[in-house]
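Structural description and commentary
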Amino acid sequence: MHSTIRNLTIASLLPLATTAAAEMKYENGNGGSVLLYGQFDPAYLSFDDGEETTSDVVDNSASNSRVGLWVRQNYGASEFAFNFETALGLRPSGGLSQNFTPKGANWQRTSIRKVDFSYKTDRYGAFFAGQGSMSTDGVAEVDLSGTSLATYVSIPDTAGSFLFRDSAGVLSDRRIGGSFSDFDGARLGRVRYDTPSFANFTLSISWGEEILAEDSELETTAIALRYKNTVGDFRIEGALGYSETRPAENVEKYDDTIGSVSMLHASGVSVTLAAGDRSDHGSYTYGKLGYQADWLSVGKTAVSIDYYDGRDRSVDGAEADSFGVGIVQSFDAYNVQAYLGYRDYDLTEPAASYQDASSVIFGARWKF
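What comes next concerns the included structure. This structure is a prediction, so every number in the text was calculated from the model and none was measured.

This part covers the environment of V142. One can find V142 in the loop between strand 8 (125-133) and helix 3 (156-159). Since its relative accessible area comes to 13%, V142 is described here as buried. Here the alpha-carbon distance between V142 and I236, two residues 94 residues apart in the chain, equals 9.9 Å. Non-local contacts of V142, meaning those with residues more than four positions away in its chain, are made with E237, G238, A239, S260, S262 and T272.

Here the phi dihedral of F183 falls at roughly 60°; this positive angle occurs in a residue that is not glycine. You will see that A199, though not glycine, has its phi angle at about 50°, which is positive. Looking at the secondary structure, you find A199 in the loop between strand 11 (187-194) and strand 12 (201-209). Assessed through its relative accessible area of 62%, A199 is described here as exposed.

Quick look at the pattern of salt bridges now. Enumeration according to the criterion identifies 21 salt bridges in this entry. With a shortest N-O distance of 2.8 Å, R235 and E237 are connected by a salt bridge. Note on R235: relative accessible area 40%, which makes it partly exposed. E237 sits in the buried class, given a relative accessible area of 15%. Across the pair D321 and R311 runs a salt bridge whose closest N-O atoms are separated by 3.9 Å. With D321 in strand 19 (residues 319-331) and R311 in strand 18 (residues 299-311), this residue pair connects regions lying ten residues apart in the sequence.

Conventions adopted
Residues numbered from 1 in each chain as written. Predicted model: local features only at pLDDT ≥ 70, side-chain atom pairs only at ≥ 80, totals over all residues. Heavy atoms only, no water. Helix = DSSP H or I, 4+ residues; strand = E, 2+ residues; numbered from the N terminus. Buried < 20%, exposed > 50% of the residue type's maximum accessible area, 1.4 Å probe, protein only. Contact = heavy atoms within 4.5 Å. Salt bridge = Lys/Arg side-chain N within 4 Å of Asp/Glu carboxyl O.

Without other data, these values stay purely geometric and don't point to any function.
See the structure below:
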């Protein structure tokens with residue numbers, strides 16, 4: 001498995017993608033359909049902790065490899081749907097570290113992303129039940145730059161398990177994932193309601209609990225407000241959310257307040273802003289500047305730079321800063337996006353100092 005993934009290149013993906021360009025969809029002729037879909041997202045990750053470099057072939061956690069099934073049936077203006085989706089369980093980029101290499105393939109029950117039933121109406125909104133997105137899932141990550149595969153606000157997706165080295169060169173117990181976070185909502189076993197759109201706004205509320213991980217008592221209540229609109233030459237999307245989570249019995253609850261907004265101009269220039277706060281567990285602000293253009297005939301090219309500024313995440317008084325650069329090239333005829341992302345990481349604490357670290361991720365996502 002490992003050698004097969006390692007030898008996989010963009011060139012080998014292209015002929016495979018050509019044969020699967022058409023949708024794998026069956027329609028019953030009565031407003032119903034069954035759609036099989038998925039994606040494969042292999043990447044090469046290299047992490048420099050200031051003294052040593054760790055590299056391996058991974059599955060990009062920002063948009064992991066997965067397969068899914070949609071079953072839809074229309075009833076007039078209403079739609080009943082079922083969505084099953086699971087990750088393939090390939091080695092996650094966010095799981096690799098200096099002292100641990102996840103298995104090349106390790107599917108588990110927690111790899112299941114969705115087992116979701118929904119009923120949508122124009123007049124009354126949408127109702128959901130099952131394993132799926134809480135209301136705040138994606139609220140922190142609205143991004144129209146086109147470069148989320150390479151760099152975006154969820155810093156730990158690229159190299160979250162890697163450890164910082166202290167000034168003496170010793171691996172510390174401080175991980176990227178514990179120092180950087182966007183507090184975005186989760187997928188849980190939940191019930192959820194989304195209102196119809198009003199003045200381009202949609203309100204969503206949900207309650208859920210962790211049902212895939214054994215012995216978990218995590219429960220969350222969440223509410224979110226989303227906005228989508230086009231104003232002149234600007235496409236605008238934004239979201240604001242709040243959630244309250246109880247990790248376990250007799251463990252103090254915490255609440256998250258998160259939000260993001262992204263604007264894309266007809267010229268290709270985009271601006272993305274995000275911020276979040278977790279009660280007594282830190283806060284952050286994030287900004288990204290992007291540009292998209294049709295430089296190549298094969299598809300759009302998107303480039304971006306971003307900056308993350310975190311406070312009090314690992315300990316009170318901690319400062320976590322990160323700068324990223326990304327490029328994504330689309331190959332429209334093959335449903336492939338190739339990407340390259342660079343990110344540096346800086347962590348300072350009142351009682352400790354750590355060496356700067358950096359990562360490079362290179363890969364390609366094929367969607368079918």
